[in-house]
Amino acid sequence: MSMTVIKSVDPRSPARRAGVRAGETLTHINGHQIVDVLDYKFYSYDPKLELTLNGADGSTRTLRVRKMEGEDLGLEFETYLMDRARSCANNCIFCFVDQMPPGMRKSLYFKDDDARLSFLMGNYLTLTNLSQREVQRIIDLRISPINVSVHTTDPVLRCEMLKNKRAGEAIDTMRRFAKNHITMNCQIVSCPGINDGPALDRTLNDLAEMYPAVNSISVVPVGVTKFREGLYPLKPYTREQAAALVDQVEAFAARHLEKQGTRLVWCSDEFYLLAGRDLPPEDYFEEFTQLDNGVGMLTLLAQEFRRALDLMEPGEMEGARPFSVATGVSAAPYLSQLVDMAREKCGTIKGNVYPIVNRFFGETITVAGLVTGGDLIAQLRGKDLGERLLIPANMLRAGERVFLDDVSLDDVERELGVPAIPVAQDGYELLDAICGVIPVPAASMPNLPEDEYYRYNPGVR
Ligand code: SF4
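Residues numbered from 1 in each chain as written. Predicted model: local features only at pLDDT ≥ 70, side-chain atom pairs only at ≥ 80, totals over all residues. Heavy atoms only, no water.

**So, the state of the cysteines**
Applying the stated rule across the entire model yields zero disulfides. Between C267, a cysteine without a disulfide, and C191, which holds the nearest cysteine sulfur, the sulfur-to-sulfur distance is 14 Å. (Disulfide = S-S within 2.5 Å.)

Pasting the structure below:
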């Protein structure tokens, strides 16, 4: 079945007014063939459209639609992409999916590498499964920016790291994008002794030559779980190796800043934490372009938290009930500092921060986003949790109330005997959560029923 069959038509949409019906297949807009969501979004932007639709009986008709420029047509298709998500053609030596424990839900093992998801959802792609036609479509439709997992620009090394003999060609694709003014944000997963040191210098120099099309670069440390049996022998970064890498990247960034007015490349927060270094101040991160890769995330959180504290009257905080915060091992000291700051402003604030050791994936995994419900329950049982347990919302699967290990938020609440409140990575929301006031429904908990809302927000009634 074609993936461009219309599943439903929004009742108040331009498509409904024009008479489009569910069950029809959208084949063309203004004469352009519609193959997937990118074609749909791009060609439906204009205010005057002519839609070609096939009926289930094989008939074809055209409809004229008038709407505002950029207004959504109001069609919903079987899948978001209007096509199958493309899986990756690689077998990277550092792939996190390969290092997951067995027996988890199937979707967690799906390795996506889809250019459309890069543009629409910010996913990173390796460019190894793009046909020449697709490269040209990105250029023609001006699909920009795209996010590229580069890892190295040495073609031979890239083939070895991605275990794909075509992986080296992607560097030429990037040069072609750069020539055609397609903006690229780049990510380098750094593996000790493999693509760092001189290989990293080469990569940064090659990417800097593509500036300003290459708009930003993040360097993140490889995640090494305890499930690596039979996989390429990889070790996590030691403190000394992490410190050397931070120095190398900062030196490169300083030279680029001098020449071009931007640092271009940043290490993720995790590298600073591994190296035992203080995180750089706010202005170091410029536009915070690489937040999704954990670059500057803790600095931004602290900045927002300080501003939120400045705006809050001490009286507004006095009624805050005792609470606890659970997070990954690496961020815990920073969260403790923020709670201390809140306590300095209002002496009655009472909260404990608990670092959760990652027993599920292995102790070398220290980020909050990979903490599981099972580890939360096992390590917090019997602890003083106050009246509420705050957890980073990114511990939950996007849009769900379930942790990576399929333990639900309800399980955690039942086992620990306190409401567990997911808090977005946002200093303002964190202070609200500490004070027992969360805007409703919290971004992380859509569709929260009203009675639940009051349970989570005791300060609001
Ligand atoms: S591109 Fe590499 S790291 Fe990403 S999913 Fe595929 S094999 Fe894993």
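Let's pick the thread back up.
**Observations concerning the sheet that holds strand 13 (residues 351-356)**
Reading across the sheet, the four strands line up as 13-12-14-15 and stay open at both edges, with parallel pairing between neighbours. The outermost strands of the open sheet, each flanked by one partner alone, are strand 13 and strand 15 (420-423). This sheet shows a mean twist of 25 degrees between the axes of neighbouring strands, independent of strand direction. Sheet analysis places strand 12 (residues 323-328) next to strand 14 (residues 388-392), joined by three bridges and oriented parallel. When the sheet's bridge partners are listed, S324 is paired in strand 14 with L389. Set on the sheet, helix 14 (residues 409-416) makes contact with strand 14 and strand 15; between it and strand 15 the angle comes to about 135 degrees. Along the sheet, helix 15 (residues 427-435) contacts strand 12, strand 14 and strand 15; its crossing angle with strand 14, the most-contacted strand, is approximately 165 degrees. (Pairing = 2+ DSSP bridges. Helix = DSSP H or I, 4+ residues; strand = E, 2+ residues; numbered from the N terminus. Axes fitted to C-alpha atoms, helices over the stretch in contact; angles between N-to-C directions. Contact = heavy atoms within 4.5 Å.)

**Looking at helix 7 (residues 198-209)**
Along its twelve residues, helix 7 runs 17 Å from first to last C-alpha, staying within 8% of the 16 Å computed at 1.5 Å per residue. Along helix 7, the residues classified as buried are A199, L200, T203, L204, D206, L207 and A208. Buried residues along helix 7 sit in contact with helix 5 (155-162), helix 6 (170-179), strand 9 (184-190), strand 10 (214-221), helix 8 (239-260) and strand 11 (265-267). (Expected span 1.5 Å × (residues − 1). Buried < 20%, exposed > 50% of the residue type's maximum accessible area, 1.4 Å probe, protein only.)

**A closer look at the site of the ligand**
Neighbouring the ligand are the residues C88, N90, C92, C95, K111 and T126. For the shell around the ligand, a count of residues per class yields three nonpolar, two polar and one charged. (Near = heavy atom within 4 Å. Nonpolar A, V, L, I, M, F, W, Y, C, P; charged D, E, K, R; others polar.)

**Points about the nonpolar core**
Counting residues in hydrophobic clusters, the biggest one holds 98 residues, and the most contacted among them are L26, L75, M174, F177 and M184. Sequence-distant contacts of L26, defined by excluding residues within four places in its chain, comprise T4, I6, I34, Y40, L51, T52, L53, L75 and F77. (Core = buried A, V, L, I, M, F, W, Y, C linked by side-chain atoms within 4.5 Å.)

**Some details on the packing of helix 13 (residues 373-380) against helix 14**
Relative orientation of the contacting elements helix 13 and helix 14 amounts to 10 degrees, with a least axis distance of 10 Å. When the interaxial angle is binned, helix 13 and helix 14 end up roughly parallel. For the pair helix 13 and helix 14, the contacting residues are G373, L376, I377 and L380 in the first and D411, V412, E415 and L416 in the second. Partitioning the contact of helix 13 with helix 14 into residue classes produces five nonpolar, one polar and two charged. (Parallel < 35°, antiparallel > 145°, perpendicular 65-115°, else oblique.)

**What about the domain arrangement of the protein?**
Partitioning the protein into domains gives domain 1 (6-77), domain 2 (97-295) and domain 3 (300-456). Put simply, the middle of domain 1 and the middle of domain 2, counted by C-alpha atoms, are 37 Å apart. Each partner contributes to the interface: domain 1 provides seven residues, whereas domain 2 provides six residues. In total, about 660 Å² of surface goes out of reach between domain 1 and domain 2, with carbon and sulfur atoms giving 70% of it. It is D36, L38 and F42 that lose the most area in domain 1 upon contact with domain 2, and together they represent 67% of the buried surface on that side. For the pair domain 1 and domain 2, the interface holds two salt bridges. One salt bridge in this structure joins D39 and R137, with 3.0 Å as the shortest N-O distance. For the interface between domain 1 and domain 2, the tally reads two residue pairs in polar contact (both at pLDDT 80 or more). The residue inventory of the side of domain 1 that touches domain 2, partitioned by class, reads four nonpolar, no polar and three charged. (Domains from an automatic or database assignment. Buried area = accessible area lost by both parts, 1.4 Å probe. Salt bridge = Lys/Arg side-chain N within 4 Å of Asp/Glu carboxyl O. Polar contact = N/O pair within 3.5 Å; in protein donor to acceptor, adjacent residues only side chain to side chain.)

**Details of the packing of aromatic side chains**
Using the criterion set out here, one finds seven aromatic pairs in the structure. Residues F42 and Y43 carry aromatic rings whose centres are separated by 5.2 Å and whose planes lie at 85 degrees to one another, so their mutual orientation is edge-to-face. Classification of F42 as partly exposed rests on a relative accessible area of 39%. Taking 5.6 Å as the distance between ring centres and 85 degrees as the angle between the ring planes, the aromatic pair formed by Y284 and F285 counts as edge-to-face. (Phe/Tyr/Trp six-rings, centres within 6.5 Å; stacked < 30°, edge-to-face > 60°.)

**Description of the pattern of salt bridges**
Scanning the model with the defined rule gives 22 salt bridges in all. A single salt-bridge network, built from bridges that share partners, covers R381, D411, R414 and E415.

**Regarding the pairing of strand 14**
In terms of burial, strand 14 is a largely internal element, five of the five residues being buried. Covered by surrounding structure in strand 14 are R388, L390 and P392 together with L389 and I391, the residues of both alternating faces. Taken together, strand 14, helix 14 and strand 15 form a β-α-β motif whose crossover is right-handed. (Right-handed = clockwise from strand over helix to strand, strands pointing away.)

**Regarding the confidence of the model for the protein**
When pLDDT is averaged along the protein, the result is 89; 92% of the residues meet or exceed 70. In this model residues 439-447 is a low-confidence stretch, pLDDT under 50, and it forms 17 contacts with partners more than four residues away in sequence or in other chains. A low-confidence stretch, residues 453-461 stays under pLDDT 50, and its non-local contacts, those more than four residues away or across chains, total 23 contacts. (pLDDT = per-residue confidence, 0-100.)

**Here we look at helix 6**
Of the positions making up helix 6, those classed as buried are A170, I171, T173, M174, F177 and A178. One side of helix 6 carries all its buried residues, which in axial view fall inside an arc of 155 degrees. The outward face of helix 6, more than 90 degrees from its buried face, is lined by the exposed residues D172 and K179. On its buried face, helix 6 is in contact with helix 4 (132-140), strand 8 (146-149), helix 5, strand 9, helix 7 and strand 10. (Arc of directions from axis to C-beta.)

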